[in-house]
Structure formats: structure tokens, C-alpha cells
Amino acid sequence: MMNLADSAPATNNMLGSEADSQRTLYPYVTGTSVIGIKYKDGLLFAADMGGSYGSTLRYKSVERLKSVGKHSVIGASGEISDFQEIMRYLDELILFDNMWDDGNSLGPKEVHNYLTRVMYNRRNKFNPLWNSLVLGGIKNGKKYLGTVSMIGVHYEDDHVATGFGNHLARPILRDEWHENLTYEEGVKLLEKCMRVLLYRDRSAVNKLQIAKITEEGFTVSEPYSLKTSWDFNAFKNPTLDAEGSW
Amino acid sequence: MTRFEESAPVKGGFSFDLCKRNEMLVQKGLKPSSYLKTGTTIVGLVFRDGVILGADTRATEGPIVADKNCEKIHYMAPNIYCCGAGTAADTEAVTDMVSSQLKLHRFHTGRDSRVVTALTLLKSHLFSYQGHVSAALVLGGVDVTGPHLHTIYPHGSTDTLPFATMGSGSLAAMAIFESKYREGLTRDEGVKLVAEAISSGIFNDLGSGSNVDVCVITKGNREYLRNYMLPNLRTYVSEKGYSFSKKTEVLMTKITPLRELVEVNEGGDAMEE
């Protein structure tokens, strides 16, 4: 059915140089953190729209939040081309599911499990898809939110994040997330986290999207930017009383 | 005479003589011994009337907690304190040394110490050891020129900031500061924010833990609030007590007479060969 075989079969000589050129060794165009939270009516996700090429901010309109079928949303950080490949796999998965035409549709739990298997199997062949994924959705009133890393580490929780989001956003979410956040509270909480990431993650850009999934379906906001404040008095003349330091 | 010329005069400080030999040993496969680190969360913030410093109290040796309640806010001068992250011996030694130097300087000049003096002494010491003295410091104090807060990195660079965090828990603490800091905080708001930032480090970073220490420095006064918060009390105590019997404990005795369970076939057929 699906051709998951990559062009590099699992070689016995792990350091073979020809096989190396067929395996992912390092990422090139990367996206930074994604954050996901559960709220009263479903799930909310936030991700900025930057695609960095090393230390250059190469692409500024990369959509890193996509819908999967009727019930799920996927957000990806890491190598953008691998994310596009994952979207091809997922589109094929959903298509085949629809072709059964049996009234059932794949929910977020199933998609999460599928992605986990894909990522883990690729990792075992030393040819990973260089992404950290956030996968969530709601089906028949049940909310689900999970994450998968490039080596297949997966878990579900009420709030998840990738990359820097784990260090900067999750402490805030652990303090301030609670069940039954309203839509406005949820967006405000995500924006709070995205602002901290904007200040402290060098690969973050000030152009983000918020995606929402409820029983009604999937919506993603138009790109917008956050207000930041740089006008602390202390920043204006930091070494006023400390001549010679910086 | 030639003997004297050959041997270098005895100098103080770190001797780099063994570095080449250590490198050679590592290449041969020797694992370097782990040292006591303060995987740490330390913070500082400038408020309306002065400076507030905060720190957690866990000292680690690899994966083990070596000290559950160590002191990371070091005394430098009556009006200057310094939080230290990195190798515990290095932070202890370097702050003690500069504290002594500051005291001598106070005697010499007849004036209170200034924060920039401590800053310059620390940074020039760390720079001359090229990062080998693994001490990352948050230095804060109030002197005649006002309240000051600086961060000092192991290689000797410094920053002058209104709020700062260092150590392995610095990102967790900085997330709190970046979302809640404002200029002109009152003393109580400042202490609350510092305690919140350190708690964020304690609960979200594995290298930090145990209690929160706070130090509030204002003009002419300082309050060293050791163990300001104790959010990790040992609350479970086993009712059975912690002494165990020397022999194997008999939990239950049950005697099952075998005859009842075994069917003895009297005069049955002999077994076939």
C-alpha cells in the first residue's frame, strides 16, 4: 500500500560513505517551537511562520500548522522538507481511509500512533525525519493532544511543546493552564508563551498563526504579530552608573 | 646558577602544567571524574529601592543530589551579594577571594565598596583563567551610585541588566520574568516575582530543587532570607517506622495436609511398561 521505504536500505556498514549521502544527517531549513493546549471546546495551537536556513531567516511565510482529516491538527518543528513529506504520507493515509467509505474516520489518537510508528521506524534505519511534531484533535467529544519526536519518543498531555517551547513555554503552562479555558483565555495564554519565545529564542520570528480545532472543524488564523516592549528605562542607558561595563 | 634560571618562580593561581597530560589520558580512554556542580537556578532583579537576589538550594554531583540545602547567595560586602552557578568550588573560591579583596580595599580607601569594583575584580580573574574557572555569577548590590545588577559569565564577559537569570534553570526562570517583570516594582512584588521564578526553576529543571533563598538589598540595609520558601518538605513518614527485623519476617502460616489433596489409588492397575 504505502511506500515508506526510503531509498537507503538499512546498510550493514554504518559508516559507508555512499549510503550517507542518502540519509538525513542534519537539517537545513528549520522551523522553531510549536505549542499546543487543550481548552474548553477543543484544542489550540500556536507556531510562528519562520523557516531558518542555519542562522539566516530565509523564509517568513511557512505554514507549520496543518489539518489532518476532519478531526486533527499537526504542527511541526525541525526540517521543513521532512514535514512536507510527512504531510504527503498523512494525505495518503486519509485518502485511503476515505476510500473505505465506511462512515468511520481516523481520529487524532490513530494519526498520532501512525506518526509514532513512522518516526520510530525511520530512526531505526538511521534515516530519521528530522521533526518534532505536535498532534492533536477532538473526535466524538474526546480531546486528544500528543507529541512525537524524531527518534519516536511520544506521549500525550494537556499541553505540549517542541524545541525551545519545552524550556520556556511549558513552565508557564504548568503554572497557568487549567481545564475549561475559554477560547479568549487560551489564546491569551498561547500569546504569553509565544512572546517569551520571541524575546528569548533566536530563531523565532514575529509572525504567528493560531490554529483551533473543535467538533465543528479546523480554522487557522491569518498571520499576525505580537506587541513587544523594549522600552525599559534600564535598557536605555544600562551602564549609566557603571562606567566601563556593558 | 643555571639551576635557578631553569626553574620558574613559584606563582600563585592555577597551574596549567597537567593539562596536556590530562588530555592525553582522556584520549586513551580515561573518563574524567565528575565534580560537584550547582546545576542551578539563580536570579536577580532591580526594584524600586534596590536589588533582590534569589537562588535554589540543590547541589548535584552528576545524577545525585549531594547537598539538599546549600547556600548559593554569597556575601561579598555588607551592601553587595553574589549568586553563583557552575562548579561549586569555583563559585565559593572566587567569591571568597573577591570578598577579601573588597574588605582590604575598604580599609585602604575608607569608603563603602561599589558593585563595579566587585564586577571588575571578578571579571578580570575569570578572564585570565580563560573559562577554566567555571563560575557563572549574578552580582547585585546598592552603593553610593545606586542599585546595580550584573551577570558574569565563566569566560569573563558581563552584562548590566534590570533582571537576570543564570544556571540550568535559567530558561524556566526567565520565562517567568519575561512575562511578569515591570519597572518600579515594590519590595513585596519583587520578592514574590523572584520566589516565583526560582520555583519555576525548582519544579521544571532537574538540576535545581529543594528550597528558595532570597536576599533583599536596599540603601543602607540588607535582608538575607535563608530558606524563604520550603516547597519540598518531607511530608511522608512511614507509620511502621524505619527499623527492620533482623530475621526474615513470617507473614502467614498455613498448613495443608497432603493426604486430602492426593488421591491414593489402592489396588489400581499396575503401570504399563
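Rules behind the numbers
Each chain has its residues counted from 1, following the order in which its sequence is written. Chain letters and ligand numbers both follow the written order, the letters beginning at A and the numbers at 1. pLDDT decides what is reported in this predicted model: residues at 70 or higher carry local features, side-chain atom pairs at 80 or more are listed and counted, and totals for whole chains, interfaces and linings draw on all residues regardless. Note that water and hydrogens are dropped before the side-chain values are worked out from all heavy atoms of the structure. The buried label goes to any residue with under 20% of its type's maximum accessible area, the exposed label to any with over 50%, and the partly exposed label to all in between, with areas taken from a 1.4 Å probe on protein chains only. Numbering of helices and strands runs from the N terminus, with a helix taken as a DSSP run of H or I at least four residues long and a strand as a DSSP run of E at least two residues long. The rule for pairing is simple: two strands pair if DSSP sees at least two bridges between them. Structural elements are reduced to axes, namely lines fitted to C-alpha atoms, with helices fitted over the stretch in contact, and the angle between N-to-C directions of any two is expressed from 0 to 180 degrees. By definition, any crossing whose near helix is turned counterclockwise from its far helix by less than a right angle is left-handed, and any crossing with a clockwise turn is right-handed. By definition in these notes, contact holds between two residues if any of their heavy atoms fall within 4.5 Å. Asp, Glu, Lys and Arg are counted as charged, while Ala, Val, Leu, Ile, Met, Phe, Trp, Tyr, Cys and Pro are counted as nonpolar; the rest, among them Gly, fall into the polar class. For the purposes of these results, a polar contact is taken to be a pair of N or O atoms within 3.5 Å, where, inside protein, one atom must be able to donate a hydrogen and its partner to accept one; residues adjacent in sequence count only when each atom of the pair is a side-chain atom. Working definition: a ring pair exists when centres of Phe, Tyr or Trp rings (six-membered ring for Trp) sit within 6.5 Å. Plane angles under 30 degrees give stacked, over 60 give edge-to-face, the rest tilted. The rule is short: NZ of Lys or CZ of Arg within 6 Å of the ring centre and within 35 degrees of the ring normal puts a charge over the ring. Defined here as a combined quantity, buried area equals the accessible surface (1.4 Å probe) lost by two parts on assembly, summed across both. Each salt bridge in this description consists of a side-chain nitrogen of Lys or Arg and a carboxyl oxygen of Asp or Glu lying within 4 Å of one another.

## Observations concerning the pairing of strand β6 (residues 73–77) of chain B
Residues and elements named next belong to chain B. A large share of β6 lies buried, amounting to 4 of its 5 residues. Across 4 bridges, the pairing between β6 and strand β7 (residues 80–87) is antiparallel. Residue pairing in the sheet places Tyr75 in a bridge with Tyr81 of β7.

## Notes on the packing of helix α4 (residues 164–176) of chain A against helix α5 (residues 183–200) of chain A
Residue and element names in this part refer to chain A. Interhelical geometry of α4 versus α5 gives an angle of 145 degrees and a closest axis separation of 10 Å. Considering how the two elements wind past one another, α4 and α5 form a crossing that is right-handed. Across the interface between the two elements, Phe164, Gly165, Leu168, Ala169, Ile172, Leu173 and Glu176 from α4 touch Leu189, Lys192, Cys193, Val196, Leu197 and Arg200 from α5. Grouping the constituent residues of the contact of α4 with α5 by class yields 9 nonpolar, 1 polar and 3 charged.

## Here we look at the side chain of B:Ser113
Residues and elements named next belong to chain B. Mapped onto the elements of the fold, Ser113 is located in the loop between α3 (88–109) and α4 (115–128). Here the side chain of Ser113 touches Arg106 through a polar contact of 2.8 Å, side chain to side chain. When sequence neighbours within four positions are dropped, the list of residues in contact with Ser113 reads Ala77, Asn79, Ile80, Leu102, Arg106 and Asp143.

## Remarks on the packing of aromatic side chains
A full pass over the atoms with the stated rule returns 11 aromatic pairs over all chains. Look at A:Phe232 and B:Tyr181: their rings are 5.3 Å apart centre to centre, the planes differ by 80 degrees, and that puts the pair in the edge-to-face class. With one member in each of two chains, A:Phe232 in the loop between β13 (217–220) and α6 (233–236) and B:Tyr181 in the loop between α5 (170–180) and α6 (187–204) form a pair that bridges those chains. Summarising the burial analysis for this pair, A:Phe232 and B:Tyr181 share the class buried. Clustering of aromatic rings is evident, with ring pairs tying together A:Phe232, A:Phe235, B:Phe163, B:Phe177 and B:Tyr181. Over the face of the ring belonging to A:Tyr183 we find A:Lys212, whose NZ or CZ atom lies 5.6 Å from the ring centre.

## Some words on the interface of chain A and chain B
Taken together, the contact pairs 23 residues of chain A with 27 residues of chain B. In this assembly, chain A packs against chain B so that about 2,000 Å² is buried in total across both faces, 62% of it on carbon and sulfur atoms. Counting across the chain A and chain B interface gives 2 salt bridges. Where A:Arg200 meets B:Glu178, a salt bridge forms, and the shortest distance between an N and an O atom there is 2.8 Å. Here chain A and chain B share 3 residue pairs in polar contact (both at pLDDT 80 or more) between them. Within the residue set of the side of chain A that touches chain B, elements represented by two or more residues are α4, α5 and α6 of chain A. Among the elements that make up the side of chain A that touches chain B, the one with the highest residue count is α4(A) (8 residues). Here the side of chain A that touches chain B is built from residues that sort into 12 nonpolar, 4 polar and 7 charged.

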